[in-house]
Structures are given as structure tokens and as C-alpha cells.
Amino acid sequence: RAVSRRLACGDVEGRLETIFGRVRAVQAKSGRFDMLLCVGSFFGPSSGAEWAEYCTGAKKAPIPTYVLGANSQDTLSYFPDVSGCELAENITYLGRRGVFSGCSGLHIAYLSGTEAQEQPAPAHSFSAKDVEELKASLLSTPNFRGVDILLTSPWPRDVGTFANSAGEIDTKKCGSKLVSDLAASLKPRYHFAALEKAYYERLPYRNHTVLQETPQHVTRFIALADVGNTSKKKYLYAFSIVPMSAMEPAELVKQPQDVTENPYRRLCREAAKAKAEEEPSCQFFFDLNKQQGKKRPSDGKERGDSQPKQAKKPPQPTGPCWFCLASPEVEKHLVVSIGTHCYLALAKGGLLPDHVLILPIGHYQSVVDLSSEVLEEVTKYKAALKEFFRSKGKRYVLFERNYRSQHLQLQVIPVPVDLCISEDIKEAFITQAQEQQIELLEIPEHSDITQVAQPGMPYFFVELDTGEKLFHRIRGRFPLQFGRAVLAELLALPQRSDWRQCAAPRHEEAAQARAFRRDFQPFDFSLRD
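Residues numbered from 1 in each chain as written. Predicted model: local features only at pLDDT ≥ 70, side-chain atom pairs only at ≥ 80, totals over all residues. Heavy atoms only, no water.

The name an unreviewed UniProt entry gives the protein is CWF19-like protein 1, with Xiphorhynchus elegans as the organism. Taken directly from UniProt, the Sequence similarities (unreviewed entry) text for the protein runs: "Belongs to the CWF19 family." (UniProt positions renumbered as here; feature names shortened; annotations may be inferred.)

**Q** Give me the overall build of the protein: which residues, what numbers.
**A** Within the protein, the secondary structure is distributed over ten helices and 24 strands. Looking at the protein residue by residue over its 529 residues, the buried ones come to 50%. For the protein, restricting intrachain contacts to residue pairs at least 6 apart in sequence, the fraction spanning at least 24 positions comes to 72%. Total accessible area on the protein is roughly 25600 Å²; 50% of this is exposed by carbon and sulfur atoms. (Helix = DSSP H or I, 4+ residues; strand = E, 2+ residues; numbered from the N terminus. Buried < 20%, exposed > 50% of the residue type's maximum accessible area, 1.4 Å probe, protein only. Contact = heavy atoms within 4.5 Å. Areas by Shrake-Rupley, 256 points an atom, 1.4 Å probe, with all protein chains shown as cover.)

**Q** Quick rundown of the packing of aromatic side chains? Include the residues and the values.
**A** Inspection of every chain in the model, using the stated rule, returns 30 aromatic pairs. Seen from their ring centres, W155 and F221 are 5.8 Å apart, and the 70° between their planes marks the pair as edge-to-face. With W155 in the loop between β10 (149-152) and α4 (177-186) and F221 in strand β13 (residues 220-223), this residue pair connects regions lying 66 residues apart in the sequence. Each member of the pair W155 and F221 is classed as buried. Aromatic ring contacts, followed pair by pair, group F42, F43, W51, Y78, F79 and Y93 into a single cluster. In this structure, R5 is placed above the aromatic ring of F33, and the distance from its NZ or CZ to the ring centre is 4.1 Å. (Phe/Tyr/Trp six-rings, centres within 6.5 Å; stacked < 30°, edge-to-face > 60°. Lys NZ or Arg CZ within 6 Å of the ring centre and 35° of its normal.)

**Q** Tell me what's going on with the confidence of the model for the protein, and back it up with residues and numbers.
**A** Should the pLDDT be low somewhere, the predicted coordinates at that spot are not to be read in detail. Considering every residue of the protein, the mean pLDDT works out to 88; 90% of them sit at 70 or more. Below pLDDT 50 for its whole length, residues 279-311 participates in 37 contacts with residues either more than four positions away or in separate chains. (pLDDT = per-residue confidence, 0-100.)

**Q** Could you give me a rundown of empty space enclosed by the protein, with the residues and numbers involved?
**A** Summed over the entire model, instances satisfying the criterion amount to two cavities of 30 Å³ or more. Here the largest cavity defines a volume of roughly 40 Å³. Taken together, D158, T161, F162, K172, P263, R265, R266, E423 and E427 make up the lining of the largest cavity. Contributions of two or more residues to the lining of the largest cavity are made by α6 (265-276) and α8 (422-435). Partitioned by chemical class, the residues of the lining of the largest cavity number two nonpolar, one polar and six charged. Here the second largest cavity defines a volume of roughly 30 Å³. Forming the walls of the second largest cavity are G40, S41, F42, F43, G69, A70, N71, T75 and F79. (1 Å grid on protein atoms, 1.4 Å probe; cavity = no way out; pocket = protein on both sides within 12 Å on 5 of 7 lines; lining within 4 Å. Points joined across faces, edges and corners; volume = space filled by probe spheres on them. Nonpolar A, V, L, I, M, F, W, Y, C, P; charged D, E, K, R; others polar.)

**Q** Any details on the nonpolar core? Residues and values, ideally.
**A** Of all hydrophobic cores here, the largest spans 36 residues; its most connected members are I358, L385, F471 and F516. Secondary structure elements with two or more residues in this core: β18 (342-346), β19 (356-360), α7 (372-391), β20 (394-402), β21 (410-416), β23 (459-464) and α10 (506-520). Top element by residues in this core is α7. It accounts for seven residues. Residue contacts for I358: discarding those within four places in its chain leaves Y343, L344, V378, Y381, K382, L385, L398, L408, Q409, L410 and V412. Core analysis: the next-biggest nonpolar cluster, separate from the first, contains 30 residues, C9, V12, F43 and V227 among them. (Core = buried A, V, L, I, M, F, W, Y, C linked by side-chain atoms within 4.5 Å.)

Here's what the structure looks like:
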């Protein structure tokens, strides 16, 4: 199979002698490359003199060079044909948008210009319609799996989510949402961009949702600096690539060790939500234990003769338990609500004064072990706490660590709504997990923890009050304070990441519990049932 050797560069801005001189030096040292792909602005305000020598044939590019179109009104005149054309010998303008397939078999998708800020879009900009038409032309291809390379001038918005730092570039504000949408749909193996005068090689990211979709290849995003910049930032990138069509499926979808979650999930979810609001909706739960693609209605009724989970007596603890309500070990001054099967207690040494625990009255090790009536009451407590915290301008983050613990503790920590959006919370958990080589996966919003974890399996689980969930199956060692430490850092309270450093005197704990009990009373279903 043929391995293609490619070069990619950032904004040339008319510095043709600089880029082609560098290409000659690289080829003299490392051998011949097949082509140079230029993203960003190929021409600049003072391109005239240098460009004239290439136009007349006095000089020739040392390598077949493919460029994107104008990013400003000033350079439009250099591109005579909107659909693409040869600008000079060995220098080709790809066109406004499309797919280029050379004899190598590589599929290179491209989109010229910057995102339009007005309608109709100026000639140097692209619109949502341009992106939709490019997507449609490819996604309609039978058995479409993705493209080998995507070339855009702007960065995609949010590309830095779940990833290594992009330095001074704020990826939540920089770049184009339309480019993010394009990258999410076309699933390029390499995506090159420029315009920000910065070099950034992002960690590779997944193009599939773990536990829901068949594994797919990863994407590597690389932003390149401007050619000849005085800061010595990287502007030329060399890489070898085998066309996707020539690769074995198992080799293509191999996941590197440093792979991250897909950075565009939030934008895609927002787009899908907007689209769904225009159509009749029907909510489903995904059953991960069934065949892929099967769904069951959300009314809780199953077809067939399946029986509900039978009530069973909880197992007895093998020794003293600090959390069985009947145990003399329980610190009852921290208890703030008692239901039929569960109770609520302030956390000892809580991260915040209103950090609470949902606990079963009987001895259960994890959520997976709960009987249906206990699980039902856990759900009622979660709903009551959601309403309670929202009344105070907060939202909760819940987590469970079923590892080196013998009694289920659902840690519920409130965070300010205006400071912590769902994506920030998830990003904080996933980023910390990646740093510690912990694979923390997002699972379907309407799925149940029992669908991904079996009784006795160690795991760590996060749930937001929106229903979004993250899951890690623990196979070896796991940091006991992980969940608390993530939230301590998110809330700028790193000194409170260990509960043992935060324990208060008993009379202070009792006063906090009385205050919480009083405030929670209007929301406490156990007082009404």
C-alpha cells in the first residue's frame, strides 16, 4: 500500500521565498514529499512583487502546492475562479469548498474563507449553507466513514475542550462553530487550520461515543503559525498517511493511549436540541444490555412477562458500619431527613456546608445492589435536592465510589448555577481523569447505572442534576478523594479536597444540620408521606 508524505503550513501571507526555501531544505534533508497543503492566508497585503515572479514562470514552486481561498476582501483578486484553478505552475487554488482526491487515494475536504458574520455572505466568507452542502455531498456517499484530511482556515470553536492547553488561545471564544460542526460530521483523520498565529497540536480525540457506537478512527487537530514568524513558532508540519480506503479496519480504529473525548459534543448536542424542538419528540431509554439500536419506551413498561426487581432483605454488614442507621456508630447529629428506605445526612468534613449524603437505611454496598423500592426513594431524594438547591441558585453534582467502601454513599455537592455549566463540570472531571490515566466515559443520559455495571464490580460514577452521567470501571488502584478533589479545584477550594482536614467540632456540625433541616423542610417528602 502507498504511504503518502505530506507537508502542511500555516499563513504564508505572500512570503513565498520563505516557505519554499524551507520546503527545499526539508526535502534535501528528509527526501521528497508529495505535496504542500496551505491553510490560512496564502496571500498578504504586500504579495505583489514576489508573486509576479511565480505568475510569469520566472520562479516555480518546488512541490505541488494546494492553497485555500481569500480570508479578506484585500486578497480576493488573486483568486480568479471561485471553483478553483491553477494560479501558477505547481500552485493550485482548491476552490470555495469541496473534496480533492489525487492519485494517492487520499480524500482531502476543504473549506475556504472565514465564517460569515452577515448575510449575504461576502465572497471571502462561508455560510451555514456552504457547510451543509459540503457535508451533504460526503455524508450521502455509501459507507462513508470520514475523510483523510480536512483543511480550513479558522480553528473550530471549542477544539481545546477535554484537551491539552492551547496556550494563549481561548478555544471557547476563538474559531468557528460551523467548522466545529463540519469536523464533527466529516471525522477527518487530520484537521489543519491557521489564522491565529499560533502552533497547537491537540491530543487526538474520539469520533465515537464509547458504549454506544462502534469504534472509529481518531482525529488529530493541528493549528499552524504564520510562515517565518519571529517567535519561531512551528509553521510547517510533515506527516505520512495511508489512505483510509487502503487500511485494515482494526488498524484504522486503533485508539492511541492519549486519546480524549470528542470536543464538539456540546455544540452538536445544542444543534440537535434545536433541531428536535422543530420536530415531534419521543423520549427513549437506551438499553445497553440489548442489541445495539433497540429502544424501550420511557413509560417504564416492558413488553413481555418481565417482572419488577423483587424486594429483598439487605445483607448484613460483616463488622461495625458507620452508615447503617441502626448502628451505634452512626453520627446521628448529622442526619437531616429520614425516609422509609433511605436517609439524608450532612457529610462529615463536607466540602461545603450543604454537602449531603443520600444513604440507604439498610446495608447496601452500591446503587447496583439496591432493591427497586430503595432505588425509588433515592430518586425521590435526588428530585427533592434538585428543587431545593435550584431554589438557592445552585445545582448539584452527585458521585459514587464503589471501591474500598462497604456502605453506599451518594455524595451530593451543590455548585453555583451561574459559575458551573454542565460542560465545565464534565470537562473538569474528564480532564482530571485523563491526567491520572483514568478512562472516564460519558454514558447515555437516560440509561441506568445497572446497564453498565454488574453487582460486585468496582466503579466510579458521576451524575449531574440534568441527568448527564460519567462512568469509570475501576480495574486497579483508584484515588479515594478523586470526586471531591475535582470539585474542590473547580470551586477554587483546593485546601478542602481532603475531608479529614475539614472536620468541624460536634456542636458546629449539629448547628449546620439544624440549619439545613430547617431550610430543606419545604422540599422534604419524608415529612409529607
